[in-house]
Amino acid sequence: MNRENIDIDTLTREELERELQRVLEEIDDLNDMQQAVLGQTGIHIGVVLLQKYRSRFDRDLERFNDRVVRIRARLAMNNPERVKRQDE
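Presented here is an overview of the structure given in this document. (Residues numbered from 1 in each chain as written. Predicted model: local features only at pLDDT ≥ 70, side-chain atom pairs only at ≥ 80, totals over all residues. Heavy atoms only, no water.)

## Comments concerning helix α2 (residues 47–78)
Within an α-helix, residues lying three or four positions from one another point in the same direction, as the helix has 3.6 residues per turn. Keep this limit in mind: A run of DSSP states H or I qualifies as a helix once it reaches four residues; a run of E qualifies as a strand once it reaches two. Both are numbered from the N-terminal end. The length a helix should cover is 1.5 Å for every residue beyond the first. To sort residues, take the accessible area from a 1.4 Å probe on protein chains only and compare it with the maximum for the residue type: under 20% means buried, over 50% means exposed, and anything in between is partly exposed. Contact definition: two residues touch when any of their heavy atoms are within 4.5 Å.
Taking 1.5 Å as the rise per residue, α2 with 32 residues should run 46 Å; its terminal C-alpha atoms sit 47 Å apart, in good agreement. Taken together, the buried positions of α2 are occupied by F57, D60, F64, R67, V68, I71, R72, R74 and L75. The secondary structure elements touched by the buried residues of α2 are α1 (13–38).

## Thoughts on the packing of α1 against α2
The test is simple: Helix axes are fitted only over the stretch in contact, all axes being lines through C-alpha atoms; the angle between N-to-C directions runs from 0 to 180 degrees. The labels follow the angle: roughly parallel below 35 degrees, roughly antiparallel above 145, roughly perpendicular from 65 to 115, and oblique for the rest. Working rule for handedness: look at the near helix, and if it is turned counterclockwise from the far one by less than a right angle, call the crossing left-handed; if clockwise, right-handed. Residues are sorted three ways: Asp, Glu, Lys and Arg are charged, Ala, Val, Leu, Ile, Met, Phe, Trp, Tyr, Cys and Pro are nonpolar, and all the rest, Gly among them, are polar.
Running from N to C, α1 and α2 point in directions that differ by 160 degrees, and their axes come no closer than 10 Å. As the angle between them shows, α1 and α2 are arranged roughly antiparallel. Note on packing geometry: the crossing formed by α1 with α2 is left-handed. Looking at the contact of α1 with α2 residue by residue, the classes come out as 17 nonpolar, four polar and eleven charged.

What follows is the structure in structure tokens.
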């Protein structure tokens, strides 16, 4: 099941907090993968393939960041003073 298809409006606060942590970890993993793939210099990657990877990484990162914003907004609706930025 694709976790991004889960309606965050149906999740409990605890589930939202777990989902937020999961998405933040996905972002970290994506950044690590991007650095490994795009930052390596040991082998040649063609320009077309490089642009394809960069585009995919950017699209995935935008999708994850959008989900983080939606989850934090939902958490803030329930209890504004308890919402904290875990990635800072």
